[in-house]
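# Per-entry structural report
Chain by chain, the residues run as shown.
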Amino acid sequence: MVTILVCLKPVRESCLSNGQGAMNEIRMNPYDIPALMNVLKLKKEIPNCHVVCVSMGVEGTKTILNRCAALGADQTILLNDSKFAGSDTYATSYILSEVIKKVGKVDIVVCGAKSLDGETGQVPIELATRLKMIYLPHIEQMVSVNSDYAIVQALHDDILEKSRVRLPFVAVFDGFELAEPSCSLTLLKRARQNQPIQWNSEDLDIDELEIGQVGSKTKVVSVINTKRNNKAHYVQGSVEEKCKM
């Protein structure tokens, strides 16, 4: 049995629509979608592959995990606790590392390159450090997996490299996809009947001084919405006239 755990970051609809969307609607992080779909495709191609999807957020995050279940994930876990609120990348990586330990034997941890609302890209490498796993960035595709190693393709400086890597490791996928993966309404309804497992800080038996704002190493001083207006100047006339300007 090969267990692959996919970390998914929920984002607000407003992050995807320049503030014009429904503020409270939860969507899947566009950077996570290519990673998730590669894992689920791989699950269909290899025997004895168990896929776990984990997301930390509010109750509305269940919509993401329900879609993951409908698409083929074997297990979904929602991390929901007010004590998690305000966690920076350091605290978040601590929470996720404890989740992975609680799940048990995890062979591959999969993440997107970064989150649309954070853009730091620090959680995956912090996870690898905490779990003492190999860190593989810029993954384009996991080609195959068995109980000992995986064949992966990674893009480094415009060179596509194919490598064989021993398990366990943390794989960070490049890529970006705005459209959430579609699935049948029947499968989605069935997934909603089997809600995600919910864990809080007590379930994980973690140090509360290491999570939330208290455990964060960085503090958000202020958040400012900025809007860039680009002005275009159109030059009229013939090619010769334009070249003279």
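Residue numbers run consecutively from 1 along every chain, following the written order of its sequence. For a predicted model such as this one, the threshold for reporting local features is a pLDDT of at least 70, and the threshold for listing and counting side-chain atom pairs is 80 or more; totals across whole chains, interfaces and linings nevertheless cover every residue. To obtain the side-chain values, all non-hydrogen atoms of the structure were used and water was disregarded.

## Focus: the packing of aromatic side chains
Put simply, the rule reads: Classification of ring pairs uses Phe, Tyr and Trp, with its six-membered ring standing for Trp, and accepts pairs whose centres are within 6.5 Å; under 30 degrees between planes counts as stacked, over 60 as edge-to-face, and the remaining range as tilted. Elements are defined by DSSP. Helices are runs of H or I of four residues or more, strands are runs of E of two residues or more, and each kind is numbered from the N terminus. Definition used: whenever NZ (Lys) or CZ (Arg) falls within 6 Å of the ring centre and also within 35 degrees of the ring normal, the charge is taken to sit over that ring.
On inspection of all chains with the given rule, the structure shows 1 aromatic pair. Pairing tyrosine 31 with phenylalanine 176 gives two aromatic rings, centres 4.9 Å apart and planes at 75 degrees, and the pair type is edge-to-face. Here the residue tyrosine 31 occupies a position in the loop between β3 (26-28) and α2 (33-45), and phenylalanine 176 occupies one in the loop between β10 (169-173) and α6 (185-193), the gap between them amounting to 145 residues. Geometry around tryptophan 199 places lysine 102 over its ring, the cationic atom sitting 5.1 Å from the centre.

## Side note on unusual backbone geometry
Here the residue pair leucine 167 and proline 168 is connected by a cis peptide bond, since its omega of 0 degrees sits within 30 degrees of zero. When you line up the elements, proline 168 lands in the loop between β9 (159-166) and β10. One non-glycine residue, lysine 132, lies in positive phi territory at about 55 degrees. Locating lysine 132 in the fold gives a position in the loop between α5 (123-131) and β7 (134-145). Backbone geometry places aspartate 157, a non-glycine residue, at a positive phi of 50 degrees.

## Some remarks on the side chain of lysine 62
The criterion, for reference: Note on contacts: a residue pair is in contact if any heavy atoms of the two residues lie within 4.5 Å.
Position of lysine 62 among the secondary structure elements: in helix α3 (residues 62-71). Ignoring anything within four residues of it in the chain, the contact list for lysine 62 reads Leu78, Gln195, Pro196 and Gln198.

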